[in-house]
Amino acid sequence: MSEASESMLIDETKDVLQETADLMNEAANASPEESKKIYAKIAANLCDAKHRLAEIEAVAVNKAKVAAQQTDQYVHAHPWQAVGVGAAVGLLIGFLAARR
């Protein structure tokens with residue numbers, strides 16, 4: 001999935017959730033019959049948002065797996081550089097923690 005389609009999926013999910021929030025406000029002032037229709041639309045929107053968020057989660061998990069595999073390959077190819085980077089990060093965290 002490309003960056004543009006991921007961004008579009010996130011934007012569409014935000015739109016669906018905003019529409020759902022608007023529908024909830026509308027339902028508060030609606031008649032009982034209208035509110036039943038509105039609640040059905042809310043349920044459909046939430047189901048749609050759930051599916052979209054599952055897609056976003058799958059993309060994020062796949063990206064994390066790829067990053068982990070690339071990191072593993074790099075560490076195996078350059079072990080001393082990885083140790084050096086780890087030590088530098090540890091020193092930086094230690095320095096920042098000691099300043100507090």
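Going by an unreviewed UniProt entry, the protein carries the name DUF883 domain-containing protein and comes from Deefgea salmonis.

## Digging into the UniProt feature "transmembrane region" (unreviewed entry) in the protein
Feature annotation in UniProt places "transmembrane region" (unreviewed entry) on residues 80-98, given in this structure's numbering. Helix and strand shares over residues 80-98 are 100% and 0% respectively, and the end C-alpha atoms of the span are 27 Å apart.

## Some remarks on the packing of helix H2 (residues 32-77) against helix H3 (residues 79-99)
Their axes nearest at 5 Å, the elements H2 and H3 cross at an angle of 110°. Considering the angle they form, H2 stands roughly perpendicular to H3. Between H2 and H3, the contacting residues are Tyr-74, Val-75, His-76 and Ala-77 on the first element and Pro-79, Gln-81 and Ala-82 on the second. Grouping the amino acids of the contact of H2 with H3 by side-chain chemistry returns five nonpolar, two polar and no charged.

## Observations concerning the UniProt feature "domain: DUF883" (unreviewed entry) in the protein
The UniProt record marks residues 71-100 with the feature "domain: DUF883" (unreviewed entry), using the residue numbering of this structure. Counted over residues 71-100, helix gives 93% and strand 0%. Its end C-alpha atoms are 31 Å apart.

## Topic: the side chain of Thr-13
Topologically, Thr-13 is positioned in helix H1 (residues 3-28). On the basis of relative accessible area, Thr-13 is assigned to the buried category, the value being 4%. At 2.8 Å, the side chain of Thr-13 forms a polar contact with the backbone oxygen of Leu-9. Residues in contact with Thr-13, not counting those within four places in the same chain, are Ala-49, Arg-52, Leu-53 and Ile-56.

Rules used throughout
Residues numbered from 1 in each chain as written. Predicted model: local features only at pLDDT ≥ 70, side-chain atom pairs only at ≥ 80, totals over all residues. Heavy atoms only, no water. UniProt positions renumbered as here; feature names shortened; annotations may be inferred. Helix = DSSP H or I, 4+ residues; strand = E, 2+ residues; numbered from the N terminus. Axes fitted to C-alpha atoms, helices over the stretch in contact; angles between N-to-C directions. Parallel < 35°, antiparallel > 145°, perpendicular 65-115°, else oblique. Contact = heavy atoms within 4.5 Å. Nonpolar A, V, L, I, M, F, W, Y, C, P; charged D, E, K, R; others polar. Buried < 20%, exposed > 50% of the residue type's maximum accessible area, 1.4 Å probe, protein only. Polar contact = N/O pair within 3.5 Å; in protein donor to acceptor, adjacent residues only side chain to side chain.

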